[in-house]
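A structural walkthrough
Chain by chain, the residues run as shown.
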Amino acid sequence: MVRLSYDLHMHSCLSPCGDDEMLPSNIAGMAFVKGLDVIALTDHNSCKNCPAAEKSAQRHGISFIPGMELCTSEEVHVLCLFPALEKAMEFDRYVEKEIPPVKNNEKIFGHQLIVDEDDNEKGREPFLLINASNISFDEVYPIVSGFCGIMIPAHIDKSSNSLLSNLGFIPADSRFKCAEVSNFNNLSKLLEKHEYLRNCKIISNSDAHFLGDINEPVNFIEARSKKPEDILDALLN
């Protein structure tokens, strides 16, 4: 087993709320400087900067997990992580069809930049990525599993865009095995109130939208190796 420092929730310049300096190469470089072992890129409703992020992470010897922060039809944010880039991009194409075609207004919401590993702009996502998809929370588990991925309800202790804030409860037929809190100090109260969480792996990430917000190596997970599939397995067990 290896002990790995992680930050599995970050937004690049593709997310409209992400700073334009959150280029995949900058994210990987900052993660390297801070001493992280594994990172994930989880832009809103898109994986299109994951190919560049994976190559940038590989340059620094950092394990990379491709992902997405999916916004469900109830506006619940869910991290979707995948063991391989191919599966993430297949999921991206699936979700793309489930996003309302509302054009992004860059002056209001910001840019949605798609770049390569050398920071060259390849394009801009035309439709606003922070809108709710047509995928309900109950549908996330079977859909993501179909692409060999795992689902992690995001920042469940937050007062907006979280499972507990938007639904108010954990559905009885839930099958997720890992959940994210924004602050571990809130965990004890959550465990008291929601018995389901006592059988879940609980993690915490930065949800970084700016380079300076990327986590220091303060959170760790033990896995069989630094391979993405072993890290995802550790999140489930």
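Scroll up a little and you will see the structure.
Residues numbered from 1 in each chain as written. Predicted model: local features only at pLDDT ≥ 70, side-chain atom pairs only at ≥ 80, totals over all residues. Heavy atoms only, no water.

1. Brief notes about the overall build of the protein
Let me state the cut-off plainly: Segments assigned H or I by DSSP are reported as helices when at least four residues long, segments assigned E as strands when at least two residues long, and all are numbered from the N terminus. This radius of gyration counts C-alpha atoms alone. The globule rule is 2.2 Å times how many residues there are, raised to the power 0.38. Accessible area is worked out with a 1.4 Å probe on protein chains only. A residue is then buried under 20% of its type maximum, exposed over 50%, and partly exposed in between. Only heavy atoms matter for contacts: two residues are in contact if any of them lie within 4.5 Å across the pair. We count Lys and Arg on the positive side and Asp and Glu on the negative side, and we leave His and both chain ends out. By convention, the charge on Lys lies at NZ, on Arg at CZ, on Asp at CG and on Glu at CD.
For the protein, the count of helices and strands is eight helices and ten strands. The C-alpha atoms of the protein give 16 Å as radius of gyration, which agrees with the globular expectation for 237 residues (18 Å, within 12%). Buried residues in the protein amount to 55% of all 237 residues. At a minimum sequence separation of 6, the contacts of the protein that also span at least 24 residues come to 71%. One way to put it: in the protein the 22 positive side-chain charges average out to a point 3 Å from where the 36 negative ones average out.

2. Comments concerning a nonpolar patch on the surface
Heads up, the condition is: Each patch groups residues whose relative accessible area exceeds 30% and which form no salt bridge, using 9 Å between like charges and 5 Å between nonpolar side chains of Val, Leu, Ile, Met, Phe, Trp and Tyr. To be clear on the numbers: accessible area is Shrake-Rupley with a 1.4 Å probe, and residue cover counts the displayed protein chains and nothing else. A carboxyl oxygen of Asp or Glu within 4 Å of a side-chain nitrogen of Lys or Arg is what we treat as a salt bridge.
A contiguous nonpolar surface patch, about 270 Å² in accessible area, is contributed by Ile 108, Phe 109 and Ile 130. Along the polypeptide, Ile 130 turns up in the loop between strand S6 (121–124) and helix H5 (137–146).

3. Concerning the pairing of strand S4 (residues 77–81)
Quick reminder of the rule: At least two bridges found by DSSP between two strands are what make those strands a pair.
Judged by how many residues are buried, S4 sits mostly within the fold: five of five residues are covered. Here S4 shows no split at all, with His 77, Leu 79 and Leu 81 on one side and Val 78 and Cys 80 on the other all buried. For strand S3 (residues 63–71) and S4, the ladder comprises five bridges, and the chain directions are antiparallel. If you follow Met 68 over to S4, its bridge partner there is Cys 80. Hairpin connection of S3 to S4: five residues between the antiparallel strands, including Glu 75 at a positive phi of 65 degrees. Across four bridges, the pairing between S4 and strand S7 (residues 150–153) is antiparallel. For Val 78, the partnering residue across the bridge sits in S7 and is Pro 153.

4. Points about the pattern of salt bridges
Here the structure, examined in full by the defined rule, presents eleven salt bridges. Across the pair Arg 224 and Asp 233 runs a salt bridge whose closest N-O atoms are separated by 3.1 Å. Residue Arg 224 is classed as exposed on the basis of its relative accessible area of 53%. Judged by relative accessible area, which is 29%, Asp 233 ranks as partly exposed. Taken together, the shared-partner salt bridges in this structure form one network comprising Lys 48, Asp 92 and Glu 96.

5. Examining the packing of aromatic side chains
In plain terms, the rule: Ring geometry is summarised as follows: Phe, Tyr and Trp rings, the Trp one being its six-membered ring, pair when their centres sit within 6.5 Å, and such pairs are stacked at plane angles under 30 degrees, edge-to-face over 60 and tilted between the two.
For the coordinates displayed, the defined rule picks out five aromatic pairs. Note on Phe 137 and Phe 176: the rings are 6.4 Å apart at their centroids and 80 degrees apart in plane angle, and the pair reads as edge-to-face. Placement of the pair is Phe 137 in helix H5 and Phe 176 in the loop between helix H6 (163–166) and strand S8 (178–181), with a sequence separation of 39 residues. Both residues of the pair, Phe 137 and Phe 176, count as buried. Here the aromatic cluster, defined as three or more aromatic residues joined through ring pairs, consists of Phe 82, Phe 91, Tyr 94 and Phe 147.

6. Structural notes on the environment of Lys 87
Among the secondary structure elements, Lys 87 is positioned in helix H3 (residues 85–96). Overall, the relative accessible area of 25% leaves Lys 87 in the partly exposed class. In this structure the C-alpha to C-alpha distance between Lys 87 and Pro 51, which are 36 residues apart in sequence, comes to 12 Å. For Lys 87, the contacting residues outside a window of four places in its chain are Phe 82, Phe 147 and Cys 148.

7. Considering the pairing of strand S1 (residues 2–7)
As judged from the four bridges shared by S1 and strand S10 (residues 220–223), these two strands associate in the antiparallel manner. Across the sheet, residue Arg 3 finds its bridge partner in S10, namely Glu 222. Bridging between S1 and strand S2 (residues 38–41) involves two bridges; their strand directions are parallel. Within S2, the position partnered with Tyr 6 by the bridge is Val 38.

8. Quick look at unusual backbone geometry
Outside of glycine, negative phi angles account for most residues, and trans bonds account for most peptide bonds. If you check the backbone angles, Asn 45 has positive phi at about 55 degrees while not being a glycine. Tracing the sequence through the fold places Asn 45 in the loop between S2 and helix H2 (50–59). We classify Asn 45 as buried; its relative accessible area is 3%. With phi around 65 degrees, Cys 148 is a residue other than glycine that occupies positive phi space. Cys 148 sits in the partly exposed class, given a relative accessible area of 45%.

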